[in-house]
Amino acid sequence: MCLIYFILTESYSILIGYLGLFSLSQVAFFGLGAYISALLSLNMGTQFLTNLVVSSIITMFIAFLLGSQLLKLTRHSFAIATLAFMFVVQLITLNWMEVTRGPMGLPHVPRPNIIGIDILSKISYYYLYLAIALVTFVFLYLVVNSRVGRAFISIREDEALANSVGVNCFKYKMIGFLISAFFASVAGTLYVHYTTYISPDIFDLYFVIVTIIIVVIGGGDSLEGVGIAAFAFTAIPEFLRSAQMLRETVYGVLLIVLLIMPESIKKKIKSLWYKKPKGE
Amino acid sequence: MALLECLNVTKRFFGFTALDNVSLQINKGELVGLIGPNGSGKTTLFNCITGFLSPENGDIVFNGKKITGWAPFKIALSGITRTFQIVRLFREMSVIDNTIMALQQYQSESVFKSVFRFPSARKKESVARERALELLEFLGLTHLKDEKAKNLSYGQQKLLSLAMALMPKPSILLLDEPAAYVNPTLTNKIKKYIKMLNQQGQTIFLIEHNMNVVMDLCERIIVLSAGQKIAEGTPAEIKDNPRVIDAYFGETK
């Protein structure tokens, strides 16, 4: 679960942290990826890896269509339009009974099977998902530290100036949007093959808020910070299970504390990471 | 042949005519000034040339090509760079990254290659860095190169934005009030830099309110008033032109 959140929020931070695009459709892409994978494996009997690739590509295509219209909007309308997109997807999954079985959801999604090896135990899940998470992290790390990443930041900082130094803002926004949709869908596929069940409940504002919280507390534009936040925020509620009564309360208090002092945490995480001065 | 040419450019904002049939020419190697009272349409003209606004009428021709209505980034890539009246920088980036950023889009390099660190991409990165250091040296900002742009003083920020506009070796440089809001010492410094750049062959088109700067620097001055071009000529001609004096000080009886 941690690793799924890790992939979801890391790719989300590209949008919110680096590009400064307040998109609320990340969970929609997550759910889309999950649904497409579930449908593929239930109806076509395809394997985990095929699902992973095919659903991500379909989701990216949908993101492309969506982005080609929405990325022209101003920031606030963009946020609202992407949220609206999530509700549209939710309504479709709720009402397209023949395909999605509506609110009953899709149960019995098969467990992953890679080249004949069935992934059944928790440990094998862990290693498989860890590997995918690592690939995600390395890829995103390369992206944000290349000129593409710098172009992202330039758009966040000042779009007019980015334009006047020759940055094709629309193109780079689209690249960021597609990358994040792709990995959201990857996370969705991992999710559905882990829980083996998917229902329209996945398109819930709760998930939207949790992912935003993770990205914001992680510092937005630091992949390491967001990664740590993703682990912390999925692990803490689990640890707190031992004190059922206090669980929600402690979680809430922790959240408030973290939100009040996000700067210092960000800096602490950063200073841990950047011990050596950045080389030329 | 003219490097940059505006032909009957007209721009209206909801019925208000900000630019009214403005035509002008800038030749290679020239240093031309654009002056006029507040609200006369100077910045609007710059925005039309750089694609941030598109004029309702008229054409902008650059290097023999019609660039009217192009996207701003495309115009920038074709060789027109600008600075802004109120300094714009990538505030969270370091000084050196700001300058490198100003060049990287000009270096053709595919997104894929740069993400996966191909050698050619790295080489271009170091070329950009060298050019950045050269320019920072020229403008006396070398000691600040690792500082975040937002921590610079206003004057230093102005110099940095000049460095950024110079990075891609533009065919024409548009400066929107390079000496506004800075102290007199720096004004003189900026004047000196502009002069030096022009002597090196840089074509410059600048807006400036500081008459002392414009009169000393420019070979040719264009005057806008209420969206119309009312005069054009050498500093001496402009100083004595009754229409210019009218525009600035009101009707003379």
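Definitions and limits used
Residues numbered from 1 in each chain as written. Chains lettered and ligands numbered in written order. Predicted model: local features only at pLDDT ≥ 70, side-chain atom pairs only at ≥ 80, totals over all residues. Helix = DSSP H or I, 4+ residues; strand = E, 2+ residues; numbered from the N terminus. Rg over C-alpha atoms; globule rule 2.2 N^0.38 Å. Buried ≥ 20, exposed ≤ 12 C-beta atoms within 10 Å, placed from the backbone. Contact = placed C-beta atoms within 7 Å. Nonpolar A, V, L, I, M, F, W, Y, C, P; charged D, E, K, R; others polar. pLDDT = per-residue confidence, 0-100. Expected span 1.5 Å × (residues − 1). Pairing = 2+ DSSP bridges. Axes fitted to C-alpha atoms, helices over the stretch in contact; angles between N-to-C directions. Core = buried A, V, L, I, M, F, W, Y, C linked by C-beta atoms within 7 Å.

**Student:** Any details on the overall build of chain B? Residues and values, ideally.
**Tutor:** Per the secondary structure count, chain B includes ten helices and ten strands. Computed over the C-alpha atoms, the radius of gyration of chain B is 19 Å, within 12% of the 18 Å expected from 2.2 N^0.38 for a compact globule of 253 residues. Dimensions of chain B, computed from C-alpha atoms along their principal axes, come out at roughly 70 × 40 × 35 Å. For chain B, with 253 residues in total, the buried portion stands at 42%. Pairs at least 24 apart in sequence give 66% of the contacts found in chain B among residues at least 6 apart.

**Student:** I'd like to hear about the overall build of chain A, residue by residue, with values.
**Tutor:** Of regular secondary structure, chain A possesses 13 helices and two strands. Within chain A, the fraction of its 280 residues that count as buried is 44%. Taking the contacts inside chain A whose residues are at least 6 apart along the sequence as the reference set, 75% of them involve residues at least 24 apart.

**Student:** Lay out the interface of chain A and chain B in plain terms, naming residues and giving numbers.
**Tutor:** The interface of chain A with chain B comprises 20 residues on the first partner and 24 residues on the second. Those elements that place two or more of their residues in the side of chain A that touches chain B are α6 (122-144), α7 (147-157), α8 (159-164) and α9 (169-195) of chain A. The element best represented in the side of chain A that touches chain B is α7 of chain A, accounting for six residues. In terms of residue class, the side of chain A that touches chain B is built from ten nonpolar, six polar and four charged.

**Student:** I'd love a proper account of the confidence of the model for chain A, names of residues and values included.
**Tutor:** Per-residue confidence for chain A gives a mean pLDDT of 79; residues scoring 70 or more make up 85%. Here residues 275-280 of chain A is modelled with pLDDT under 50, and outside its nearest four sequence neighbours on either side it reaches zero contacts, counting other chains as well.

**Student:** I'd love a proper account of helix α2 (residues 26-44) of chain A, names of residues and values included.
**Tutor:** Note: α-helices contain 3.6 residues per turn, so residues at a spacing of three or four share the same orientation. Residue and element names in this part refer to chain A. With 19 residues, α2 extends 26 Å between its outermost C-alpha atoms, agreeing within 8% with the 27 Å of an ideal straight helix rising 1.5 Å per residue. With respect to burial, α2 is a largely interior element, 15 of its 19 residues being buried. Just downstream of α2 lies glycine 45, where phi reads positive at about 70°.

**Student:** Could you give an account of the sheet that holds strand β2 (residues 16-27) of chain B, naming the residues involved and the relevant values?
**Tutor:** All names here are of chain B. Read from one edge of the open sheet, four strands run β2-β1-β4-β5, paired in antiparallel fashion. Strands at the two margins of the open sheet, each flanked by one partner only, are β2 and β5 (65-66). Bridge analysis of strand β1 (residues 2-13) against strand β4 (residues 57-62) gives five bridges, and the strand direction is antiparallel. In the sheet register, threonine 10 faces β4, and the bridge partner there is asparagine 57. Sheet strands touched by helix α1 (residues 42-49): β1, β2 and β4. Its angle to β2, the strand with the most contacts, is close to 65°.

**Student:** For the nonpolar core, give the residues involved together with the corresponding values.
**Tutor:** Counting 147 residues, the largest nonpolar core has Ile4, Ile7, Phe152 and Ala187 of chain A together with Leu160 and Ala163 of chain B as the members making the most contacts within it. Counting residues per element, this core draws most heavily on α9 of chain A, at 13 residues. Among all residues touching phenylalanine 152 of chain A, those that are not within four sequence positions of it are Tyr18, Leu19, Val144, Tyr172 and Gly176 of chain A.

**Student:** Summarise the sheet that holds strand β7 (residues 172-176) of chain B; cite the residues concerned and give the values.
**Tutor:** Sheet strands pair by backbone hydrogen bonding; their relative direction is either parallel or antiparallel. Residues and elements named next belong to chain B. In space, the six strands of this open sheet follow the order β6-β7-β8-β3-β9-β10, with mixed pairing throughout. This sheet does not close on itself; its edge strands, each paired only once, are β6 (80-82) and β10 (228-233). Averaged over all adjacent pairs, the angle separating strand axes in this sheet is 20°, with direction ignored. Two elements, strand β3 (residues 31-35) and strand β9 (residues 220-225), share four bridges in a ladder whose sense is parallel. Bridge pairing in β9 places valine 32 opposite arginine 220. The strands touched by α1 within the sheet are β3, β6, β7, β8 (203-207) and β9, with β7 carrying the most contacts at an inclination of about 145°.

**Student:** Residues and numbers for the pairing of β10 of chain B, please.
**Tutor:** All names here are of chain B. Taken together, the five bridges between β9 and β10 define a ladder with antiparallel strand orientation. Residue leucine 224 lies in a different strand from β10, and its bridge partner there is lysine 229. Between β9 and β10, which pair antiparallel in sequence order, lie two residues; one of them, alanine 226, sits at a positive phi of approximately 50°.

**Student:** Hey, could you go over the pairing of β4 of chain B for me, with residue numbers and the actual values?
**Tutor:** Residues and elements named next belong to chain B. For β4 and β5, the ladder comprises two bridges, and the chain directions are antiparallel. Bridge pairing in β5 links valine 61 to lysine 66. Remark: two residues form the turn of the hairpin made by β4 and β5, two consecutive strands paired antiparallel; asparagine 63 in that turn has positive phi of roughly 55°.

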